[in-house]
Amino acid sequence: YTRNMKLYKGIDNTFQIKLMNGDQKLINVVGQTLFWILLDRTTAEVKCMVTKTVEGSDNSLVSLTINEGDLEAINGGMYM
């Protein structure tokens with residue numbers, strides 16, 4: 001399921017994502033590399049991308065941080 005997120009300029013934005021399969025069961029993603037991509041709604045241009053390699057043991061809850069500098073050149077608005 002998708003949900004709306006609010007990102008703020010001038011601070012590091014941290015959020016957590018719980019990863020589940022189609023049966024709503026937690027997925028172990030340790031050792032996997034995940035990509036979070038912010039796209040422009042009209043042009044589908046990539047505005048920001050964060051990669052994260054998940055470490056730990058039996059983890060389906062992933063914490064991602066969007067650094068304040070990554071959002072510096074992005075205008076306010078709705079993105080995908």
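Structure: see above.
Residues numbered from 1 in each chain as written. Predicted model: local features only at pLDDT ≥ 70, side-chain atom pairs only at ≥ 80, totals over all residues. Heavy atoms only, no water.

**With respect to the nonpolar core**
1) Next: Within the largest apolar cluster, 12 residues are counted, these being Phe 15, Val 29, Trp 36, Leu 38, Cys 48, Val 50, Val 54, Val 62, Leu 64, Ile 66, Leu 71 and Ile 74.
2) Next: Secondary-structure elements contributing two or more residues to this core are strand S2 (33–39), strand S3 (46–53) and strand S4 (61–66).
3) Next: The residues contacting Trp 36, other than those within four sequence positions of it, are Met 5, Leu 7, Phe 15, Ile 17, Cys 48, Met 49, Val 50, Leu 64 and Ile 66. (Core = buried A, V, L, I, M, F, W, Y, C linked by side-chain atoms within 4.5 Å. Buried < 20%, exposed > 50% of the residue type's maximum accessible area, 1.4 Å probe, protein only. Helix = DSSP H or I, 4+ residues; strand = E, 2+ residues; numbered from the N terminus. Contact = heavy atoms within 4.5 Å.)

**Observations concerning the side chain of Asp 40**
1) Next: Turning to its location among the elements, Asp 40 is positioned in the loop between S2 and S3.
2) Next: Among buried Asp, Glu, Lys and Arg side chains, Asp 40 stands out as unpaired, with Lys 47 the closest opposite charge at 4.3 Å.
3) Next: Within polar-contact distance, the side chain of Asp 40 engages the side chain of Thr 42 at 2.8 Å.
4) Next: The contacts of Asp 40, once residues within four sequence positions are left out, are Glu 45, Lys 47, Tyr 79 and Met 80. (Lys, Arg positive; Asp, Glu negative; His and termini not counted. Salt bridge = Lys/Arg side-chain N within 4 Å of Asp/Glu carboxyl O. Polar contact = N/O pair within 3.5 Å; in protein donor to acceptor, adjacent residues only side chain to side chain.)

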